[in-house]
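Read off the chains here:
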Amino acid sequence: QVQLVESGGGLVQAGGSLRLSCTASGRTFSDYAMGWFRQAPGKEREFVAAISWGGRVTDYLESVKGRFTISRDNAKNTVFLQMNSLKPEDTAVYYCAAARMIATMRTPAYWGQGTQVTVSP
């Protein structure tokens, strides 16, 4: 089992920045690719970003490319999502996820509980 706990959400004005963190416990963190998803009210959960276990490979939702950056610190069992130039349409609950490899991130094995991000106009 892998337990994931997100933090860093909040309310920010459009154009602002937030940094989400997700700390893992349980199995070896560096064995897993990590990712972020989001779910806006009335919409399905969507993939946002992923990073391979070693941090060398990343993948992003097209609409966040150039604005969001995913990174990880395996020594601290933590994955980050730096979100810049936020837009109201980025408002959602953001979820951390873990998968055995980045290729299977669309169907993660583990989920966090989510953290709310609200971007005001």
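Our structure's up above, just so we're on the same page.
Residues numbered from 1 in each chain as written. Predicted model: local features only at pLDDT ≥ 70, side-chain atom pairs only at ≥ 80, totals over all residues. Heavy atoms only, no water.

## Re the environment of arginine 27
Along the chain, the position of arginine 27 falls in the loop between strand E3 (18–26) and strand E4 (33–39). Overall, arginine 27 belongs to the partly exposed group, its relative accessible area being 48%. Counting along the chain gives 24 residues from arginine 27 to glutamine 3, while the straight-line C-alpha distance between them is 8.6 Å. Each residue touching arginine 27, except ones within four places of it in the same chain, is listed here: Gln1, Val2, Tyr32, Arg100 and Tyr110. (Helix = DSSP H or I, 4+ residues; strand = E, 2+ residues; numbered from the N terminus. Buried < 20%, exposed > 50% of the residue type's maximum accessible area, 1.4 Å probe, protein only. Contact = heavy atoms within 4.5 Å.)

## Quick notes on the state of the cysteines
Under the counting rule described, the total for this entry stands at 1 disulfide. Each disulfide pairs two cysteine sulfurs, and for cysteine 22 the partner residue is cysteine 96, the sulfurs being separated by 2.1 Å. The disulfide joining cysteine 22 to cysteine 96 has a torsion of about -80 degrees about its S-S bond and is therefore left-handed. Taken together, the residues cysteine 22 in strand E3 and cysteine 96 in strand E9 (residues 92–99) connect sequence positions 74 residues apart. The same class applies to cysteine 22 as to cysteine 96, namely buried. (Disulfide = S-S within 2.5 Å.)

## Things to note about the packing of aromatic side chains
Enumeration over the complete set of coordinates arrives at 4 aromatic pairs. Arranged with centres 5.7 Å apart and planes meeting at 80 degrees, the rings of phenylalanine 37 and phenylalanine 47 form a pair that is edge-to-face. With phenylalanine 37 in strand E4 and phenylalanine 47 in strand E5 (residues 46–51), this residue pair connects regions lying 10 residues apart in the sequence. Grouping residues by exposure puts phenylalanine 37 and phenylalanine 47 together as buried. With 6.4 Å between their ring centres and 90 degrees between their planes, tyrosine 95 and tryptophan 111 make a pair best called edge-to-face. Residue tyrosine 95 is found in strand E9, and its partner tryptophan 111 is found in strand E10 (residues 110–111); the two are separated by 16 residues along the sequence. For tyrosine 95, a relative accessible area of 13% gives the class buried. Following the ring pairs from residue to residue traces out a cluster consisting of Phe37, Phe47, Tyr95 and Trp111. Across from the ring centre of tyrosine 95, 3.9 Å away, lies the NZ or CZ of arginine 45, which sits over that ring. Sitting over the face of the ring of tryptophan 111, arginine 45 holds its NZ or CZ atom 4.3 Å from the ring centroid. (Phe/Tyr/Trp six-rings, centres within 6.5 Å; stacked < 30°, edge-to-face > 60°. Lys NZ or Arg CZ within 6 Å of the ring centre and 35° of its normal.)

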